[in-house]
Amino acid sequence: MTPGIHLNLPASEYHSDFAISASHLRKLWQTTPAHYIEWLAKPEEPSIDMILGTLCHQVILEPHLPLPCIAVIPETYRSADGEEKPWNGNAKHCKAWKDEQIAKGVIPLKAAEMERVRKASYTISKHAEAKHLINSIKHTEVSILCDLPQFGLRGKARLDIVPIIPVLGDLKFTHDASTRGFQDHAYRMGYHIQAAWYIDMWNAVAGSEDRKEGFRIVAIESDPPYAVNCFQMKPDLIEDGRRIYTEMLELYARCKKADDWPAYGNDAVEMGKPYWVK
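Quick look at the structure, then. (Residues numbered from 1 in each chain as written. Predicted model: local features only at pLDDT ≥ 70, side-chain atom pairs only at ≥ 80, totals over all residues. Heavy atoms only, no water.)

Focus: the packing of helix 2 (residues 22–30) against helix 9 (residues 191–206)
Interhelical geometry of helix 2 versus helix 9 gives an angle of 145° and a closest axis separation of 9 Å. Note on packing geometry: the crossing formed by helix 2 with helix 9 is right-handed. Along the contact surface, helix 2 presents Ala22, Leu25, Arg26 and Trp29, while helix 9 presents Tyr191, His192, Ile193, Gln194, Trp197 and Tyr198. (Axes fitted to C-alpha atoms, helices over the stretch in contact; angles between N-to-C directions. Helix = DSSP H or I, 4+ residues; strand = E, 2+ residues; numbered from the N terminus. Left-handed = near helix turned anticlockwise from the far one by under 90°. Contact = heavy atoms within 4.5 Å.)

Structure follows, in structure tokens:
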């Protein structure tokens, strides 16, 4: 990618660029440089919830595009002796069928899982604030590449929602969209870091006429009743994310320059009671 804003860039091309992203900075904040390097070298296999979230994401934000190739997992299979049996993911035949689909670039999903995607996507249209954000969309899936000369690095971001209003938006597929539950989860996941990074990356390349100052998250539960909650991130939380991502950029730059990615310190650490014990 070249520096600037890229519309309609395939996700595969975005992910192939080695610039640092919000995911990298969040991982550094959550762990240590040593753990980060291991994570980078061995990407996690997407869970079923991650796959469903990606599909839900596309149904809502890119309804004009065809979904990735999907094969619905049969309810039954025939064993070697010809007996019809309930589908069993551990059976030799079922494993072979699944491996064959994946080798062809097809995502094997149960019919019930596809129904979860449909129902979760539908609930968005019933939530007033989420619907307002979706209806305000100017661009979706916007890729950004930006030089960071003060750190000797390049940064990238892929924005879910760029609306006509002065905020950016993001969809999150989650198990708990309640105000208390999601706020706790969002902080642990470093979404405030992501918010600050996205805002600053956009403003660095978009120009003064289309500045963004706020960040909204539409959280969609992945199980019935597929409840939706919409969050407007507070300015002080975004500022905290900005401070953290700056520290993580400095840490990354130091580690890269020294080619040294440490884990925990070498000194003994004082240990007391956990914070939740009175």
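Here's the deal with the packing of aromatic side chains
Counted under the stated rule, the structure contains 11 aromatic pairs. Residues Trp29 and Tyr187 carry aromatic rings whose centres are separated by 5.6 Å and whose planes lie at 80° to one another, so their mutual orientation is edge-to-face. Of the two residues, Trp29 sits in helix 2 while Tyr187 sits in helix 8 (residues 179–189), which places them 158 residues apart along the sequence. With relative accessibility at 25%, the residue Trp29 sits in the partly exposed group. Taking 5.0 Å as the distance between ring centres and 25° as the angle between the ring planes, the aromatic pair formed by Phe182 and Phe231 counts as stacked. (Phe/Tyr/Trp six-rings, centres within 6.5 Å; stacked < 30°, edge-to-face > 60°. Buried < 20%, exposed > 50% of the residue type's maximum accessible area, 1.4 Å probe, protein only.)

Here's the deal with the pattern of salt bridges
Throughout the structure, instances matching the rule amount to 15 salt bridges. Taking the shortest distance from any N to any O, the salt bridge between Lys42 and Glu38 comes out at 3.7 Å. Given the relative accessible area of 58%, Lys42 is considered exposed. For Glu38, a relative accessible area of 44% translates into the label partly exposed. In this structure, Glu115 engages Lys119 in a salt bridge whose closest nitrogen and oxygen atoms are separated by 3.9 Å. Residue Glu115 and its partner Lys119 are located together in helix 6 (residues 111–124), separated by 4 residues, close to a single helical turn. Residue classification places Glu115 among the partly exposed residues on the basis of a relative accessible area of 30%. For Lys119, a relative accessible area of 36% puts it in the partly exposed group. (Salt bridge = Lys/Arg side-chain N within 4 Å of Asp/Glu carboxyl O.)

Digging into the pairing of strand 6 (residues 137–148)
Of the pairings in the sheet, the one linking strand 1 (residues 4–6) to strand 6 comprises 3 bridges and is antiparallel in character. Pairing of His6 across the sheet is with Ser143, part of strand 6. For strand 6 and strand 7 (residues 153–163), the ladder comprises 10 bridges, and the chain directions are antiparallel. Counted as the bridge partner of Thr140 is Ile161 from strand 7. Counted along the chain from strand 6 to the antiparallel partner strand 7, the turn is 4 residues long, and its residue Gly152 has a positive phi close to 70°. (Pairing = 2+ DSSP bridges.)

Observations concerning the nonpolar core
The biggest cluster of nonpolar side chains holds 41 residues, and the ones touching the most others in it are Leu25, Leu159, Leu168, Trp197, Tyr198, Phe215 and Leu249. For this core, the elements supplying multiple residues, two or more each, are helix 2, strand 6, strand 7, helix 8, helix 9, strand 9 (214–221) and helix 10 (235–258). Beyond its immediate chain neighbours, meaning those up to four positions away, Trp197 contacts Ile20, Ser21, Ala22, Leu25, Leu148, Gly155, Lys156, Ala157, Tyr245 and Leu249. Counting 21 residues, the second largest nonpolar core, distinct from the first, contains Ala120, Ile124, Ala130 and Ile220. (Core = buried A, V, L, I, M, F, W, Y, C linked by side-chain atoms within 4.5 Å.)

Side note on the environment of Asp49
Structurally, Asp49 is set in helix 4 (residues 48–61). Other than its neighbours up to four places away in sequence, Asp49 contacts Arg116, Phe173, His175 and Ser222.

Examining the environment of Ala263
Tracing the chain through its elements places Ala263 in the segment after helix 10. In this structure Ala263 comes out as partly exposed when scored by relative accessible area, which is 39%. Those residues in contact with Ala263 that sit more than four places away from it in its chain are Thr32 and Ala34.

Some thoughts on the side chain of Thr174
Looking at the secondary structure, you find Thr174 in strand 8 (residues 167–174). The buried category is assigned to Thr174, whose relative accessible area is 8%. In this view, Thr174 contacts Phe182, His185, Ala219, Ile220, Glu221 and Ser222; residues no more than four positions away in its chain are not counted.

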